[in-house]
Amino acid sequence: MRRVYLDNTATTPLHPEVLEAMLPYLRDIYGNPQSIHNWGDAPREAIEDARARLADLIGSRPEEIIFTGSGTESNNLAIKGLAQAYQARGKHIVISAIEHFSVIHSAKTLEKRGFAATSVPVDGYGLVKLDELAKSIREDTIVVSIVHANGEVGTIQNIEEIAKLLKGRGIVGHPDNRLPGNASFCIEFIEGEAMLMLLSSWGIAASSGSACTSKALKASHVLTAMRIPPEIAQSSLLFTLMRDNTEEDIEYVLETLPPIVDRLRQMSPLYAKFLKKQSGGR
Amino acid sequence: MPVYSDKVMDHFMNPRNVGEIEDADGIGEEGNPVCGDMMTFYIKVNDSRLSDVKFKTFGCGAAIAVSSIVSEMARGKTLEEARKITPALVAEELQGLPKNKHHCSNLGAQALNKAIDDYLSKQGKPVKTRRREKRNG
Ligand SMILES: Cc1ncc(COP(=O)(O)O)c(C=O)c1O
Ligand SMILES: [Zn+2]
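Residues numbered from 1 in each chain as written. Chains lettered and ligands numbered in written order. Predicted model: local features only at pLDDT ≥ 70, side-chain atom pairs only at ≥ 80, totals over all residues. Heavy atoms only, no water.

Draft legend 1. Representation of the packing of aromatic side chains. All names here are of chain A. Evaluation of the coordinates by the stated rule reveals five aromatic pairs over all chains. Taking the centre distance of 6.1 Å and the plane angle of 70 degrees together, the rings of Phe185 and Phe239 count as edge-to-face. A residue pair is termed long-range when its members are at least 10 positions apart, and Phe185 in strand E6 (residues 182-186) and Phe239 in strand E8 (residues 236-240) qualify at 54 residues. For Phe185, a relative accessible area of 40% puts it in the partly exposed group. By relative accessible area, Phe239 is classed as buried at 6%. Each ring, one from Tyr271 and one from Phe274, has its centre 6.2 Å from the other, and the planes form 20 degrees; the classification is stacked. Here Tyr271 pairs with Phe274, and both are found in helix H11 (residues 269-278), just three residues apart, close to one helical turn. (Phe/Tyr/Trp six-rings, centres within 6.5 Å; stacked < 30°, edge-to-face > 60°. Helix = DSSP H or I, 4+ residues; strand = E, 2+ residues; numbered from the N terminus. Buried < 20%, exposed > 50% of the residue type's maximum accessible area, 1.4 Å probe, protein only.)

What follows is the structure in structure tokens.
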């Protein structure tokens, strides 16, 4: 059976060039970069070289780059770190309603520590409402953290306009970013987990924002913020692509998915009701 | 995806008794699309026995497996016996359910009970519901 991995927001295979670049340090070269003895030299040089190249790429100074173990760590460090550093200037931060939980929970933690946080709503497409954002900014706002590209529905924010709103006001913008090729659907009358299980039995990996697929049995906060009705959010299906996916992979999905949808709809009382309504009955 | 027992997977992949009964003697609907899963049970009653049980379900793997096993457990039983199909029995029959899927087993038993209630009230008989107090969310 063909195996097609389309859940790259969850995790994605290592890029071969990354593996290649890292192999020497995983295999042969070891040592703590802080060490005085010369086991530390090669790792230290490698890290400083990476820092300098990254700084060059984004136009910053090398010492402004801090490496962490993950996106979650980075968001925690950036938001809590900035809040702590600038608290003399103000104690208000702004996020959007569709942030990753590492941002939302950092904001909640700060609220417990005496900061104020505003969550700006989004429209039906997941775009941050710029007028609401403008209104949310106060004299004491120090950080605005908004996800540049949403990993769940693929919405790309108008980050230049957002930056303009912040310019000259002493506010630090924090654009969280992560976007694989993203195809997000709601397939009415059927539930996400059931789709995922059947897709998996055909060798296809995808994900869903339905309540039943979450541990907390809550629909995705992103879909909820977009005011997608709960029964529609329940039918969410998300494909996120990687570079190795082929045209044939996608064709296989396009062949496999419709019979799965049919099969679940035949089972669905909501679909039966819909059909009855359509044919004019009650 | 939660880790489901072989029995749950079997009933999810090959659900028994899916469908509607056109001239059902009782229909029971439980849950609603707003809180998640939804089930509709259809029953046929002959000599106080469930001669046919069918269902339609909008929901996750557990919800579909639960409806399937409940329909199987209820078939051929007397109304009194069918009333004794509890969420705990349903979960046991499925070789267990993941913790956060237990609400699905409530739904199945409740929908069946509602179908029996519906039958009794149509017959003009007293309805003595044994529905669980604990509602799913
Ligand atoms: C936009 C965004 N920010 C942060 C994270 C968290 O990253 P990590 O899983 O590396 O902690 C993710 C993870 O998917 C993400 O999509
Ligand atoms: Zn469910």
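Draft legend 2. Main features of the pairing of E8 of chain A. Residue and element names in this part refer to chain A. A large share of E8 lies buried, amounting to five of its five residues. The two faces of E8 match: Ser236, Leu238 and Thr240 on one face and Leu237 and Phe239 on the other face are all buried. When E6 meets E8, the two strands line up antiparallel, connected through five bridges. Along E8, the bridge assignment pairs Asn182 with Thr240. (Pairing = 2+ DSSP bridges.)

Draft legend 3. Representation of the site of ligand 1 in the model. Residue and element names in this part refer to chain A. Near ligand 1 the following residues occur: Thr9, Ser70, Gly71, Thr72, Asn75, His100, Val147, Asp176 and Arg178. A distance of 2.5 Å separates an oxygen atom of ligand 1 from a polar side-chain atom of Thr72. In this structure, Arg178 approaches ligand 1 through a side-chain N or O atom, which is 3.1 Å from an oxygen atom. Starting from 390 Å² of accessible surface for ligand 1 in isolation, the protein chains cover 76%. Per element, the largest residue contribution to the shell around ligand 1 is three residues, and it comes from helix H3 (residues 71-86). Residues of the shell around ligand 1, tallied by class, amount to one nonpolar, six polar and two charged. (Near = heavy atom within 4 Å. Polar contact = N/O pair within 3.5 Å; in protein donor to acceptor, adjacent residues only side chain to side chain. Areas by Shrake-Rupley, 256 points an atom, 1.4 Å probe, with all protein chains shown as cover. Nonpolar A, V, L, I, M, F, W, Y, C, P; charged D, E, K, R; others polar.)

Draft legend 4. How the structure looks around the domain arrangement of chain A. Split by domain assignment, chain A resolves into domain 1 (31-64), domain 2 (71-174) and domain 3 (182-278). Taking only C-alpha atoms, the centre of domain 1 of chain A and the centre of domain 3 of chain A are 44 Å apart. (Domains from an automatic or database assignment.)

Draft legend 5. Region of the structure containing the coordination of the zinc ion (ligand 2). Summarising the metal site, the zinc ion (ligand 2) is bound by the protein donors Cys212 of chain A (SG), Asp37 of chain B (OD) and Cys60 of chain B (SG), whose distances to it range over 2.1 to 2.3 Å. Of the two residues, Cys212 of chain A is situated in the loop between strand E7 (204-205) and helix H8 (221-225) and Asp37 of chain B in the loop between strand E1 (26-31) and strand E2 (38-46); the pairing between them involves two chains. The residues Cys212 of chain A and Asp37 of chain B share a single accessibility class, namely buried. (Donors = N, O, S within 2.8 Å, 3.2 Å for Na, K, Ca; no water.)

Draft legend 6. Quick peek at the sheet that holds strand E3 (residues 49-58) of chain B. All names here are of chain B. Across the sheet, three strands lie side by side as E1-E2-E3; this open sheet has antiparallel pairing. Both outer strands of the open sheet, E1 and E3, are each paired with one neighbouring strand and no more. Strand-to-strand twist of the sheet, defined as the mean angle between neighbouring strand axes without regard to direction, takes the value 15 degrees. Together, E2 and E3 form the strand contacts of helix H2 (residues 61-74), whose direction differs from that of E3 by roughly 175 degrees. (Axes fitted to C-alpha atoms, helices over the stretch in contact; angles between N-to-C directions. Contact = heavy atoms within 4.5 Å.)

Draft legend 7. Inspection of the interface of chain A and chain B at higher detail. In this complex, chain A contributes 27 residues to the contact, which on the side of chain B involves 27 residues. Summed over both sides, the interface of chain A with chain B buries roughly 2,200 Å², with 68% coming from carbon and sulfur. Taken as a group, Met197, Met267 and Pro269 of chain A account for 29% of the area that chain A buries against chain B, more than any other trio of residues on that side. Our count for the contact surface shared by chain A and chain B stands at three salt bridges. Salt-bridge contacts for Glu193 of chain A lead to Lys101 of chain B; the nearest nitrogen and oxygen are separated by 2.8 Å. Contributions of two or more residues to the side of chain A that touches chain B are made by helix H7 (192-201), helix H9 (230-233), helix H10 (247-267) and H11 of chain A. (Buried area = accessible area lost by both parts, 1.4 Å probe. Salt bridge = Lys/Arg side-chain N within 4 Å of Asp/Glu carboxyl O.)

Draft legend 8. Fine view of the side chain of Glu191 of chain A. Summarising the element assignment, Glu191 of chain A is placed in the loop between E6 and H7. For the buried Glu191 of chain A, which has no salt bridge, the nearest side chain bearing the opposite charge is Lys101 of chain B, at an N-O separation of 6.1 Å. Side chain to side chain, Glu191 of chain A and Ser210 of chain A meet in a polar contact 2.7 Å long. Excluding anything up to four places from it in sequence, Glu191 of chain A contacts Ser210, Cys212, Thr213, Gln234 and Ser235 of chain A together with Asp37, Phe58, Gly59 and Cys60 of chain B. (Lys, Arg positive; Asp, Glu negative; His and termini not counted.)

Draft legend 9. Focus on the pattern of salt bridges. As enumerated under the stated definition, the model contains 24 salt bridges over all chains in all. Between Lys273 of chain A and Glu29 of chain B there is a salt bridge; the shortest N-O distance is 3.1 Å. Note that Lys273 of chain A is positioned in helix H11 and Glu29 of chain B in strand E1, a pairing that runs across two chains. With a relative accessible area of 35%, Glu29 of chain B lands in the partly exposed category. Note that Lys56 of chain B and Glu20 of chain B form a salt bridge whose closest N and O atoms lie 3.5 Å from each other. Within this pair, whereas Lys56 of chain B is found in strand E3, its partner Glu20 of chain B is found in the loop between helix H1 (6-13) and E1, the two being separated by 36 residues in sequence. Look at Lys56 of chain B and you get buried, because its relative accessible area is 10%.

Draft legend 10. Fine view of the nonpolar core. In terms of nonpolar packing, the biggest core is built from 57 residues, with Leu237, Phe239 and Leu264 of chain A together with Phe41, Ile43 and Leu112 of chain B touching the most fellow members. If one sorts the elements of this core by residue count, H2 of chain B sits on top with nine residues. Those residues within four positions of Leu112 of chain B in sequence are excluded, and the remaining contacts are Phe41, Ile43, Val70, Ala74, Ala82 and Ile85 of chain B. Grouped together as the second largest cluster of nonpolar side chains are 21 residues, Leu133, Ile137, Ile171 and Val222 of chain A included. (Core = buried A, V, L, I, M, F, W, Y, C linked by side-chain atoms within 4.5 Å.)

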